[in-house]
Each structure stands twice: as structure tokens, then as C-alpha cells.
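# Coordinate inspection notes
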Amino acid sequence: VKFILKQGLPSSLDDALKVLHAYLLSPVEVYFLHLKHLASNDKRDDCLSLLKSLTLNEAETTVMRLVTWAQLKIQNQPDDPEWKKQLVSIAKTMAVIIKFLLRNQKGNTLEKEACENLLNKFETIANLQEYFDVFISLKDYENPQVLLQLYEGQVEACASMLFTSKSEREPDYTDGSNTNVKISTETRLYKLSLLFQNSEQDVASELALKALSYGNVGETVNICSELYGQHKNDQTGQVLFHVAQKLCQMLETNVPLIIPTGMNLPAVIYELACRAATICSTDLLLDCEELCKNTRAATDVYRQCLIDDYGFRTKVTTLETDKNPYDEWTFEDFFTEDGIVLDHLSVMPVMYEIATSFVPFSPDKKLYPLECVGLPLSPGVEGENHLKPVSTPITILLQNLQEYSQLQLALQLTINSFGNCHQHFVSNNMNFDLTKKLFVGQDLKEIKEFVINIGNMAFSIIKKNSPALLHKLFNCRVVDTDLALAYCTLLPKQVVFEKLWNVIGDAWQNYNKILAVAIVGAQLADLLQEEQQKEKFSSLIIDTEWCLKLSKLGISFQSTLRDNPAKRKECALILVQNPNVNPELIMQYCSAFELNSDVALKLYIETLLLRDTNGQHGEGEPADIKQSPAELLERAIEVMPLLKSKTDLVISLSGTLHKMDPYNYEIIESALKIIKLANEVAVNYNLDQALSLLQHLYSYKRISAPGNLELQYLQKHSIDLSPMAESRLPFHLLFFETTQRFWNIISSELSEETFATLLLISKLMKVSLDTLHMKAVDHVLAKSLKPKVLQLTNEGCISQISKEIAETVHNIQSYILAITNPEWATASSHRVAQELPTGPEKIQALKFCLQMSENWLKSTAPTEKAHQKAEDSLSKLRVEYENSATANLLRIHNLNSPEYLKLIKLPAKLICSLYEHHSIEERLKYPTAKDYPDIHTATADLAEINGRDINKIRFTLLEEYLCLSTKPALDTRSQDNFNNLQEDAALMRVIYLLQTYPIDYSAKLLYTVATGSSSPFGGTQLSFSHRSRALQCLLHIADSETIANISRQSIEQVKCYLKYCICLTEFEILNIPYTIESFHNSPKEGMIKGLWKNHNHEPRAVRLVTELSLEYKVYDPQLWNGILQKLLAFNMVDYLRKVLVTITAIHPLWQIPTFTRAWRSVILAPFLSASCPPSPKQLDACYESFVLLIKCPILLDLDLIGIAKQYVQLELMAFALGCLLLIPYSEKRKQQIQGFLLSVDPVILLQQVINHMTTGEVAGYACKIKELALDSIADKKQYEKLIGTKFFPFLKQHMIDNKRVEELAIYLVDRSRLDDAISVVTEYLTHEGRPIKSNSSPAEILTEFLHERK
């Protein structure tokens, strides 16, 4: 089996197990052998895998055999380094295996504890080798002495690494496995403490002492601080005590130390001793206390060696940055002696020698319970004098301190040293008989003499230094009274009292010094039970305290109060005037010096209330610091409860009130409030009314300057005019004076803005409010309304009342409404209305007048005289209102022309005249042309204002416009435009009138006229003319559906009926009797020819025949030849033009003889009367002639060249060229056009085309004429005629369309017009769809284009 396992193959274990199974043996032996092989080869993972595959019993048995084998392997120390590494590897593997076993073990605690011990053993061996390069055998591990030496050696090595300088240190430590892994020293120490089961505190304690042995103070202090922060126990206290002792010993012997920069080592030692005392054991507490006392003394001595403490610090409580912080000093409360700076090199070693003598350093000494190492309580030893080593350093140090005038330190050292020596002697000689048995007599005598000598020296120094120290103490800025009292107790009673009074006498006015000395004297007298001295010092304390308080308030005296009792009353008068004084201080002062407090408090209140009224300030009060009246009043109110009697105060303030500045409301209010608060009956006016008046006056700002009445009042009472008079009203003149003077002040202040406040004041003062409102109306009217209206008049905007004026009028009316007398109210409102210009505000004002007048009438009985007066006033005002409202209404609707203004007093006639306004016709012809006046609204408002029935007036006008009494003109009757109402002004007015009614109502009304025999408006007999007019209006205003619903006929039937009515109207005018039925049933051709035969001498009949022939398609050539002749004979050219255009579509009529002559006549008619240049009307006629020429069917029979010449004579070149374009023969046309273009300026052609031929039926010829003109310019290269003109864009487009851009571009470049050339080329390229490079400049694009063309 062993042979199989040694092969190391993957199948070796399975093969070995098969062999064991074959012999029925236990497999544990195989597992043990295989695990031993794996552990020897550092295959930990394989070991764990095998163990996990076993049962728990098999695993435990196998692991325990493996442990025994490993212990035997590591039992002894090997010599071969390679063998050491293998053993460490076995130890690590065993640690992993044991951990596995511990995780799976359950139940048996003893076995588990044994496994843990084994685990600790193997881990320690492995970690020592890994981290410290130390191999320890199992035999050495079980030897405590070897482990202790190993531990101390490692700690020493780590301390050497930590606390030596960098140059002395060894290279960075690496572990023993040569893996080059660097491990910090702190980590090594931590692991070391874990391996040897030591606490972190033990390691830190040892390190602290080791660091100190290396002289590294900084590291020592840091470690001690960490120990104190983390482990506050007896052990840490002992470590801190020993460190402090060691430092004292090292400073005594001048051992070189590494001290961090800026560290105060004596203070650090003292702090270590204090910390040790807080946490040490009770056995060590007395030694710690003694060490604290001595290190504190060393700290005090060291402080006198430094030069960085001057005994004072700057104030830092103020936030003001503009003050020098060194202007004032805050001195320390504790006394710091002013002596010569000590030499620490000579003083400090001696001081620490004394400290070491009193607390010797003996860390290895074994102490019994309650035994101390400190000298005061240490036991004596036979044959030894523990006090002798102290004598020399004490003597040397005292001599140095005396020489350097460090008296306080000398006194402190003397008392401390004597106390320690005396305590040591007494504690060792509590029983004299016992002492004789323990000690030799000579030793006891020597110690006693030494203590006596030390005591004598101490008493001598105390007697000498105490007076000197007292002198220094009392000469300090801030006296340490406790220390002074202590020094005083060291001196005889009579000497010390004499000394204190001498100091007080020499202090003069240094009250702080006097107070400090007095306090010390009083305390000393109390201790010594000297009642007389105590009384003197107590009295002095009171006087000095008040001197200090008064001096802080800025009140100075030539002598102290105790020297001059009469000064106390004078001080009280000055005291109350100081702004920083409070009532408590006054009461304390009066109580302290037995003065009448009421007199002082009354004076204090008056001073508060009247402060700054005459520019007076109290003593000590800065002139630029003022308190608000509210603050002063609050302070005065706080004093009131302290007064025993308030009558004198009220009488004094009442008398002062009339002498106060009447504009200083704050002082007046404060005085009134104090008087009211006193609740005395000594006043004869209403305090609440006065205070309320002041509240109103506060919120009011006056608008007028002080008048003579105010100046006289001020002069009478010797009061200076205050700057506040510019914005405030005088209180006294409003409250204390007569009503007449009240109105004198108020009248000049009345305005829209101030009225509300003045009304409240008037109500409060219970004066006549009607008078106030009347005065307000008069004032605002004169001072505000009239100037504003005058300004508008000067600016020419009299009809446009501003918002400001409207507000003013509204305010005035509100004043009028408040007047209880109706006659006054009516008169005031009418006066206001008369001042306003014509406009809405004036109308509203007149309405308001009517309302006031009606109120006046209602308030009077019919039997009263005033009733008739009110009726007359109302009648006049109503007429004035109607006329003004009518005029304003016309102005609002822009209808205020003189012809309408003349009819203001005739409202009905004015309404009829308004419905004949020219805008009615224009709005139907051009609905969107402009804003037209709203006649309907205007007439409705006029009727309402003047009490007229607008519907009645409108019906009268409808009858007048529909049922005309005159015959219609010949040129207004045409069959082809019977639906066109724009030629009949009366019908357009009818349409406009009917817009005010619903469409159904209007349609029914018109249909009634069209079908009835008499007018529904007034009974007028209706003719066919009236009916046709009504039907025309009906067809215009209503849609087909509405008309069909009303007439119960189709729209075609209605239109046919209209056609009959129009024709019958003409027959009616010609006195030919026809009815609808007879006209409808008669043969139309016979009727037309009969009419022609009997009436062809009348133009109206000829026109009627023409329209009937066209309507009923009667095209007899003979009849039409006569018609055309008659139309020419009657010179009905305009009508003939329309007829010719109409019959052009009837080819049989072209053959009649008069057809050609008629066309030629109407075409040439405009040229017979036209002149050059033609008027607009003649220009329109020429345009119509050209349009007719385009439509003419007989162009071959016309002389087009002659017509063109007619246009040329009128300078209408474009129309002339248009005539040439109509020439039927192309060669002749081309020849004539070329000759014409040579003689005409193309620019004129373009101008006339744009002006006269761009729209309508000639637009097509306009394009041809424009192209011919542009071609002429291009062929002649006359581009300069169009460059820079509005025609240049046409030229560019023409050249682009004809692909002649290159010519134009070259021409422009030659003329240095590069921008135009670039524009042409760019547009051409865009038109052609050619891409333009985005990164090319315009100049590059032009150059490239011209280069391509070449």
C-alpha cells in the first residue's frame, strides 16, 4: 500500500483502498498515509478535499494521527533552512486541517478545546516564521522563558525601527518566506501581541517606555495619549506616572531628547501627571498628586522663562472692523508677576532635580499597600537622610528667583518645600518614643535641625516678599483680590491696614484700584473681626462703585462722592439727563443716598419726552446718537409705576404741552399718553380725541406751505419754525383753537388726495361736513379740474377727456353726494358740468345734475317757494342735457359737421338727415373699404336722448325712399342690371334702414309693398316702379329660401315678376296701359314692333325696344338696323357699347349696314373729346375703347394704325403698341412694331404697362408689350436705363427666360456693378437647377460662370 501511494498518481488512493478492501482492513491507515504525503508536499486543497469525502469519525481519527505525526516532526529545532521551510509548510497545512475539523466537530467541549490549543500552537509556529523570520520548535514553544525572551527581542527590534532616526534604521522588514512582501512595524507589533496573547495595551505600554528610552518625546506623548483615550485603567495610569517621572529625571540630567517643534514639554509633563492621577490605583494616587504639584511648579517656572506672554489679550468681541483691536486691552484676572525673564538652561534642571527629589523614579521598586515613593509620606530609613538631597537645589533656585525678582515663585517654592519637609518629618515621628527605638538619635536630630532651618528661611522669605508682592498686586490694571487677601494674611494686622489705606490715598481717582483695595480690606477686616475697619471699607465700596457707574455713563467729578455729600443731589439732576440711565439705576441711587425718588423720576420722564427738542443733550450723551420717540415713550411708561404720586407730573406735562412744537407729533403724543396713563382729573380736554387726531395727522402729508396764522402762533409762543412744518399740520391750531382757525388751516389743504384724511379729521373734530364738502368741491374745481381742462384745450384734445380728469370729476361728484343740502348739491354739480368740455364726462355730469335737481324737487313740498325754483332748474337742466348729449353723440360717431350741428334742436329732422349720409352708399359699394359711422346706433341714441320714436321715423323714410314721386332717369333703367342697386342711392338707403330689423320681418315688409296696392307705411298708392324697387331690395337682402317661404313661389317666378314690373314701369312712364296678365299673354315680337313703330322717336322707348328684343331674342335685321341708327342718333354711346358687345355673338346682325359704323363710332368716340394729357375719366374711356377693340369682330375693316396714332397723340404708347399687335397681317404687324419701337422709349412703355394694363382683359397684351420693350432694350444694350430702377427685376427675369444672362452679366461687370452681376448669375443658376458650391464666395461663382461661357 505504501508503495502504491508513493507513486503519486491520481489513481493511487483508489488503488490502495482496493487493496485494503481486499484484505478487509480499515481504510484510516491509507487516509493517514495519503494525507501525510500531501501535507509534506504543501497540498492543502487536496487535503481538504480528501477530508470532506470522509465520514466525521474517519476524519477525526485520521486528523488526530496526522497531528501526532506533525508534532513529532516539529519537536526539535532543525539546522537545514530548507527543512525549516518544509516544517513551516506542515504547520500551515495542519492549521488548515484543524480549522476544518473544528468547523465540523459537535458536542465534546474537551475535544474542541484541545483542537483549539493545537490550532494556536501550529499557527504561532507558522506566523513567527512568516512575519518575523523566526522558527520555533515545539519544544521551545512549550518553554515560557524562551517565549518571553523571543517576545522582548521582537519588541526591542520594533521599537528600534520606530524610534530611531531614518539614517540609523535598517532596511524595510520583509517576512521570512522571501516573498518580498513589506510589512509595517505597527502591523508586526499587532501580530506579535496576538501571537503571544498579549493585549494591545501591554504592547503600547512597553512601546511608550521604549520610545522614551530612545529620547523620542513626540512618539512617547502620542502613545500615552492613545492609551489614555482607549484604556482608562490602573495600568495606563501607572504607565503615565512612570513616563512623567522618567521625563523629569531625563530633564534633570540633561539627557538629549527629540522634542517636536512648538511643544511645551513642562506643560506636557504636568498634563501626563494629571491624567495619571485621574485613572491610577488608590495606592499610587498620593504619589501622582505629589508629582502633579511639583510638575505644576516646574510649569510656572518655565512660563517665566518664556517671552511670549505679556499678561493681556486683545478684545475680539466687537464685530466692527474699523477699530484698532489694540486700542483697548482686557487684562487677565489672575496676577502674573512682572519680573526678569529666567534662563531656562540654568533654572529648569534644578527645578526638576527638586521634583525628582520629592518623587524619586523607582519603577522596579516593590511597594507595599499604602506605601508611597513621594518624600512627604515615604518611610524613613535608618542611617539615611532623605531631606538632604533637597537642600542644595532649593537654595540655588531660591537665590536665582530672588535675583530675578520672581518673588511669587520664590514664595511658592519656599512654602511648598517647607511643607514637604515638615510633612516628611511629622509623618515619620508621630510617636517620639517609637522613633527613638527605630532611628539613631543623631539622625533624628539632624533631620529636625534641617526642617527648622528650612522653616526659618521660609518665614524670612514670607516676611520679605509679601509686602513687595502686595505692592505689585495693587499696581496691576486688574487686581487679583483673592491673592491679595492671601498675601495680607501673611502680614501683621496693623501693618496691613496701614498699607491698604496708603494705597487708597495714593490712588486718587483710580476707582477700579480703590474698589479692589476696599474689597480686600473689607474681607480682611471681616476675617480679623475688625468692625470699625469693615464699616469704613464697606462705605468706601459703595461710593467707589457709584463713581465707577457714573464714570461709565460719561459723568465725571472732581472728587469722589464720599468726600463731597452735596455733590450727590447735583449728580441726581445730571444723572436723569443721561440717555444710558435706567429707572432702576435712579432708584438705586436715590435709595443709596436717601434722596426723594419722585422728584428724580418726574424729571427723568420729562427729560425722556422732551429730549432733542431744543438740541440739548445730557452729560455723557453723544450728540449724533438719537433714540426714537417710541423707545423713549416706552422707557417713560416703565417708570410710571415707580412714582408714588402722579399729580405733579400731569400738571407739569399739561403746562409744557402748549409750549411744545405743534409739528412734533411724536413728543405731543408721548406727553398725551403719559397724561392718560396717569389717570388724573387735572386736564380739561378730551385725551382720546387728541390722540385720535394725532393718528390721522401722522398719515397726512400737507400740500401747502405754513400760512400767516401758523407763523403768528409760533411767534406768540416763542417757538422756532420746525423743518417738519413743510410736511405736517399744526396740532395746536387744529385741536385747541377756534373753528374758524380750523377751517383756515384745512381749506388750503383740500385736494383729491387729501380729502379722505381731512374728512376723518373733520368728523373727529365734529365740524360741519357740508362746509367741508363745499370747500372741497370749490378747491378741486379751481385747483385741479379747470387747469387740466385748460391744458387739454391748449393741446387741441378738448374732446378727449383724460382718465385723470374723469377721476377728478368722479371725486367731486362723491363730495357733492355727501352734501345734505340739495340746493347746494345741485348748484355745485351744475358748476362742475359747465367746466367740462363736450364729451361723455360732460354728459354724465349733466345727468348727475338732473339727478341732484330731481332730489331737490322731491325734497320740497308743492306749496313751498323752493318747489317752483326746483322745477325751473330741472327744466333748464334737461334741455341743456339733451342738446349737449346730442352734440356729443354726433362727435362720437364723427358726424359733428356744421350741417348736422345746426339741427341739434330738431332731433327728428336730424335723424332723417343722418340717413342721407354719403357713407350709406359707400358702405354698400365698398363694404371693406374703411370704417363707416354707425348711423343706426347714432339715430337710436338720438331718439332715446330726445324722446323720439325711432321706428316711426324709419318707416317714414322707408316710404319716402321706396315710393319715389319722380320718374326714374333713363340711364338708370337697364334690363341687364335690374339686380344691381348700386346705381340707386334711395334703394341703398332702404337696404341700410332694413338692417335694423330681422331679415324675416324686412322680407315680409318688402313683399307686402311689391304685391300690394297701397303702401303699408302711409297708404300711398303703389305703382309698378314702387313694386319693382321693393322686389329689388327683397332679392338683395334675402336668400332664395326665405323669399320662397314668404311668397310661396319659386325664386324664378319672383324674378320673372320683377322683370315684368320693370318693363311695366317703362310702359307706365310711356303712358301705355299694361297689366301683368296682359303683358304676359301678348305676343312679344308684335308688341316690340308696335312699340317701335309708335315710339321710336323717344330715347326711353328705343332703349326699351332694345332690351325687349334682346330679352325675347327678336333679331329682325331691319329692326336692329333702325335701333343702331337711333342709338347713334341719340348719342347713347355707353349703352351702345354694351349692346354691340352683346350682339357680337349674333352673326346674322353683322350684315346690317349700320353694324360696322356703330363699332367704329364707339371705338373712336373717346378720342373726339380727349386731350393730352388725358384726365382720369378720359383715361378710363380710352382703356374701355382698347378693351372694345380687342372684342371687335370687324378688325379688318378698321384702320388700326390710325387708331394707334390717336393713342400716340394722347401719349398712351402702350395702348398704341397694343393696337399694332392687333394687325392681322404678320409682316405688316412686325414692320409697324419695329418702326414703333425705334421711335419710343421702352421705359415709358414699361411704366404705362404697369400703371394701366396689369389687370383685367388686357393683361395678356400687357405681357407681350413688356416683352417687346425688354427685347428692344436688350438688343440695343440699353441696360443702363433700367439698372437701379424698379424695372430691373423684370429685365433680369427676361434675360434669364431667354438665356441671355451672359450678356447682362458681362455688361454689369464692365460697369463695376458686381453685386448686380452676382445677383443675376445666382438667380440664373437657381432657375436652371444648377448646384452652387457652399464654400465658394459670390465673386468666385461669378468668375466661374463667365469662364465657362468663354
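Read on for a plain summary of the structure. (Residues numbered from 1 in each chain as written. Predicted model: local features only at pLDDT ≥ 70, side-chain atom pairs only at ≥ 80, totals over all residues. Heavy atoms only, no water.)

This part takes up the nonpolar core. Counting 259 residues, the largest nonpolar core has Leu672, Phe731 and Tyr1207 as its most contacted members. If we ignore the near neighbours within four places in the chain, the residues touching leucine 672 are Leu657, Tyr685, Leu687, Ala690, Leu691, Leu694 and Phe731. (Core = buried A, V, L, I, M, F, W, Y, C linked by side-chain atoms within 4.5 Å. Buried < 20%, exposed > 50% of the residue type's maximum accessible area, 1.4 Å probe, protein only. Contact = heavy atoms within 4.5 Å.)

Turning our eyes to something else, we now look at the pattern of salt bridges. Two side chains of opposite charge can pair, provided their charged atoms sit close to one another. If you walk through the whole model with that rule in mind, you get 28 salt bridges. Note that glutamate 921 is salt-bridged to arginine 989, the shortest N-O span being 3.2 Å. Of this pair, glutamate 921 sits in helix H43 (residues 919-925) while arginine 989 sits in helix H46 (residues 985-994); the two residues are 68 residues apart in sequence, bridging distant segments of the chain. What you see here is one network of salt bridges that share partners, running through Asp1275, Lys1277, Arg1300 and Glu1303. (Salt bridge = Lys/Arg side-chain N within 4 Å of Asp/Glu carboxyl O. Helix = DSSP H or I, 4+ residues; strand = E, 2+ residues; numbered from the N terminus.)

Right, let's talk about the state of the cysteines for a bit. For the structure shown, the criterion picks out zero disulfides. We note that cysteine 1061 lacks a disulfide partner, and the nearest cysteine sulfur, in cysteine 1063, lies 9.4 Å from it. Relative accessible area serves as the criterion here: at 0%, cysteine 1061 is assigned to the buried category. (Disulfide = S-S within 2.5 Å.)

What follows is about the packing of aromatic side chains. Centre distance and the angle of the planes are the two values used to describe a pair of aromatic rings. Under the defined criterion, the tally for this structure stands at 21 aromatic pairs. Between phenylalanine 1155 and tryptophan 1159, the ring centres sit 6.4 Å apart and the planes meet at 70°, which makes this aromatic pair edge-to-face. One end of the pair is phenylalanine 1155 and the other is tryptophan 1159, both in helix H56 (residues 1154-1169) and four residues apart, which spans about a single turn. Looking at tryptophan 1159, the relative accessible area reads 0%, which means it is buried. Taken together, the ring pairs in this structure connect Phe1167, Tyr1183, Phe1186, Tyr1207, Phe1215 and Tyr1261 into an aromatic cluster. If you follow lysine 1084 out to its NZ or CZ, it ends over the ring of tyrosine 1112, 5.4 Å from the centre. (Phe/Tyr/Trp six-rings, centres within 6.5 Å; stacked < 30°, edge-to-face > 60°. Lys NZ or Arg CZ within 6 Å of the ring centre and 35° of its normal.)

Here we take up a negative patch on the surface. A cluster of like negative charges, contributed by Glu584, Glu631, Glu634 and Glu638, occupies part of the molecular surface. Of the residues forming the negative patch, the biggest block, three residues, is contributed by helix H28 (residues 629-639). Structurally, the position occupied by glutamate 584 is in helix H26 (residues 583-593). (Patch = residues over 30% accessible without salt bridge, like charges linked within 9 Å, V, L, I, M, F, W, Y side chains within 5 Å. Areas by Shrake-Rupley, 256 points an atom, 1.4 Å probe, with all protein chains shown as cover. Lys, Arg positive; Asp, Glu negative; His and termini not counted. Charge placed at Lys NZ, Arg CZ, Asp CG, Glu CD.)

Below, the discussion takes up helix H62 (residues 1259-1276). For H62, with 18 residues, the first-to-last C-alpha span of 26 Å sits near the 26 Å given by 1.5 Å per residue. For H62, the full list of buried residues reads Ala1262, Ile1265, Ala1269, Leu1270, Ser1272, Ile1273 and Ala1274. Looking at the buried side of H62, the elements it contacts are helix H59 (1213-1221), helix H60 (1226-1239), helix H61 (1242-1252) and helix H63 (1288-1297). Downstream of H62 by one or two residues, lysine 1277 has phi in the positive range, about 55°. (Expected span 1.5 Å × (residues − 1).)

Tracing the backbone shows serine 1185 in helix H57 (residues 1176-1191). Among the residues examined, serine 1185 registers a relative accessible area of 1% and is labelled buried. In contact with serine 1185, other than residues within four places in its own chain, are Ile1163, Pro1166, Phe1167 and Tyr1207.

Listed as buried for helix H58 (residues 1200-1209) are Leu1200, Ile1201, Ile1203, Ala1204 and Tyr1207. Down the axis of H58, the smallest arc covering the buried residues is 160°, so these residues share one side. Opposite the buried face of H58, at more than 90 degrees from it, the exposed residues are Lys1205 and Gln1209. Contact partners of the buried residues in H58: H56, H57, H59 and H60. Glutamate 1211 occupies a position one or two residues after H58 and carries a positive phi of about 60°. (Arc of directions from axis to C-beta.)

Take unusual backbone geometry next. Along the chain, cysteine 1172 connects to proline 1173 via a cis peptide bond; the corresponding omega equals -5°. Here proline 1173 is to be found in the loop between H56 and H57. Despite not being glycine, glutamine 529 has its phi angle at roughly 60°, a positive value. The topology assignment puts glutamine 529 in the loop between helix H23 (511-528) and helix H24 (531-552). Even without a glycine there, the phi angle at asparagine 1131 is positive, about 55°. Its place among the elements puts asparagine 1131 in the loop between helix H54 (1117-1129) and helix H55 (1133-1143).

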